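Breakdown of the fold
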Amino acid sequence: LSSILDKTLDEQIIRDIAETRPDETELKLKQFLIEFVVHKTTDLMKQRKYWIKHKAKNNLQSQNDQIIDYAQYVHLYGSLASNIDSAKCDIDIAIEIPPNIAEKSFLGQLASLLQKHKIKQGKHFRVERIFKAKVPILKLKDPLYNIEADISIY
């Protein structure tokens, strides 16, 4: 009896997971949102030359070497990164910044860049700044598809 129940339970768990996984369209929309965050983070870091100044200060590279892949500083974590996400779950993103940059200041500047971006029908991303929490985050929401992301500092 126990082996029958265990098999039935295992089958039910597998069915539940399959039924709650995001479909291909939702996964593609999440990928676009992640790429958008990487793009805006890259814009901010290039504009402020955060990593160039940090590496030059610490003799890690010359001031003239400005070819940096900023995407390496944006990390995906949580259920989506672990491939155990469900439909409608948010995206968890962490951004690595140099140690001399204030987290809230960086997140505030990123929030401004994200909010300025217009998408279809003149709509803007909704960005909520949650800076009084133990871990400051930005809550980003796509106004067309309701895809959400939490952005924190790594």
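First, a word on scope: everything that follows refers to the structure included in this document. (Residues numbered from 1 in each chain as written. Predicted model: local features only at pLDDT ≥ 70, side-chain atom pairs only at ≥ 80, totals over all residues. Heavy atoms only, no water.)

1. Some remarks on the nonpolar core
Counting 33 residues, the largest nonpolar core has I93, I95, F106, L138, L140 and I151 as the members making the most contacts within it. Taken together, the elements giving at least two residues each to this core come down to α2 (24-48), β2 (91-95), α4 (103-116), β4 (137-141) and β5 (148-153). With 7 residues, α2 is the largest single contributor of residues to this core. With residues near it in sequence (within four places) discarded, I95 still touches T41, M45, Y73, V74, F106, L110, I151, S152, I153 and Y154. (Core = buried A, V, L, I, M, F, W, Y, C linked by side-chain atoms within 4.5 Å. Buried < 20%, exposed > 50% of the residue type's maximum accessible area, 1.4 Å probe, protein only. Helix = DSSP H or I, 4+ residues; strand = E, 2+ residues; numbered from the N terminus. Contact = heavy atoms within 4.5 Å.)

2. Regarding the pattern of salt bridges
Oppositely charged side chains can form a pair if their charged atoms are brought close together. Scanning the entire structure with this criterion turns up 6 salt bridges. The residue R126 makes a salt bridge to E128 at a minimum N-O spacing of 3.5 Å. Take R126: its relative accessible area is 47%, and that puts it in the partly exposed class. Close ionic contact of K139 with D150 constitutes a salt bridge, the shortest N to O distance being 2.7 Å. Here K139, found in strand β4, pairs with D150, found in strand β5; they are 11 residues apart in sequence, far enough to count as distant. Classification of K139 as partly exposed rests on a relative accessible area of 27%. A network of salt bridges, in which partner residues are shared, links R21, E26, K30 and D85. (Salt bridge = Lys/Arg side-chain N within 4 Å of Asp/Glu carboxyl O.)

3. Let's talk about α4
In this model α4 runs 20 Å from its N-terminal to its C-terminal C-alpha over 14 residues, within 8% of the 20 Å that 1.5 Å per residue would give. Residues of α4 that are buried include every one of F106, L107, G108, L110, A111, L113 and L114, and no others. (Expected span 1.5 Å × (residues − 1).)

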